[in-house]
Amino acid sequence: MVSKTFIIENPEGLHMRPAGLVAKEMAKFSSDVFILFGEKKINAKSLINIISAGIKKDSEVTFECSGDDENDAMAKVEELVSQNFGD
């Protein structure tokens with residue numbers, strides 16, 4: 001398992017568009033990918049779960065990847081975060 005913590009800098013947080021991008025990209029991996037936010041453990045492959053978590057700007061989240069391609073999945077997470085989720 002690999003995990004990394006990020007601060008969400010997107011002005012609108014993980015709203016519909018960036019949440020959809022995360023879910024779409026994470027679905028390409030066989031590894032389990034979760035977002036840890038407060039007391040919540042969110043399936044990063046589920047748009048509805050990401051949206052319902054209410055992750056706002058300046059929130060601290062940890063992405064946790066576990067499986068055969070966990071390092072590739074984490075590399076994609078890091079890429080998405082560095083690109084501010086396409087926003």
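Heads up: these notes are all about the structure in this document. This is a predicted model, so every value here is computed, not measured. (Residues numbered from 1 in each chain as written. Predicted model: local features only at pLDDT ≥ 70, side-chain atom pairs only at ≥ 80, totals over all residues. Heavy atoms only, no water.)

### Brief notes about the pattern of salt bridges
Item 1. Applying the stated criterion to the full structure yields 6 salt bridges.
Item 2. A salt bridge links Lys41 to Glu64, with the shortest nitrogen-to-oxygen separation between them at 3.5 Å. On the criterion of sequence distance, the pair formed by Lys41 in strand β3 (residues 40–43) and Glu64 in strand β4 (residues 60–66) is long-range, its members being 23 residues apart.
Item 3. Residue classification places Glu64 among the buried positions, given a relative accessible area of 15%.
Item 4. The shortest N-O distance in the salt bridge between Asp58 and Lys57 comes to 3.4 Å.
Item 5. Look at Asp58 and you get exposed, because its relative accessible area is 52%.
Item 6. Within the structure, one salt-bridge network assembled from shared partners comprises Glu25, Lys28, Lys76 and Glu79. (Salt bridge = Lys/Arg side-chain N within 4 Å of Asp/Glu carboxyl O. Helix = DSSP H or I, 4+ residues; strand = E, 2+ residues; numbered from the N terminus. Buried < 20%, exposed > 50% of the residue type's maximum accessible area, 1.4 Å probe, protein only.)

### Description of helix α1 (residues 16–26)
Item 1. Listed in full, the buried residues belonging to α1 are Pro18, Ala19, Val22, Ala23, Glu25 and Met26.
Item 2. At its buried positions, α1 is contacted by β2 (32–37), α2 (47–53), β4 and α3 (70–82). (Contact = heavy atoms within 4.5 Å.)

### Here we look at the pairing of β4
Item 1. Within β4, 5 of the 7 residues are buried, leaving the element largely enclosed by the surrounding structure.
Item 2. When β2 meets β4, the two strands line up antiparallel, connected through 5 bridges. Across the sheet, residue Phe34 finds its bridge partner in β4, namely Glu64. (Pairing = 2+ DSSP bridges.)

### A look at the pairing of β2
Item 1. Side chains Val33, Ile35 and Phe37 project from β2 onto a buried face, and the interleaved Asp32, Phe34 and Leu36 project onto a face without burial.
Item 2. Where β2 lies against β3, 4 bridges are found, and the strand directions are antiparallel. In the strand pairing of β3, Leu36 is matched with Lys41.
Item 3. Between the antiparallel neighbours β2 and β3 lie 2 residues, among them Gly38 with a positive phi of about 60°.

Keep in mind these values describe shape, not function.
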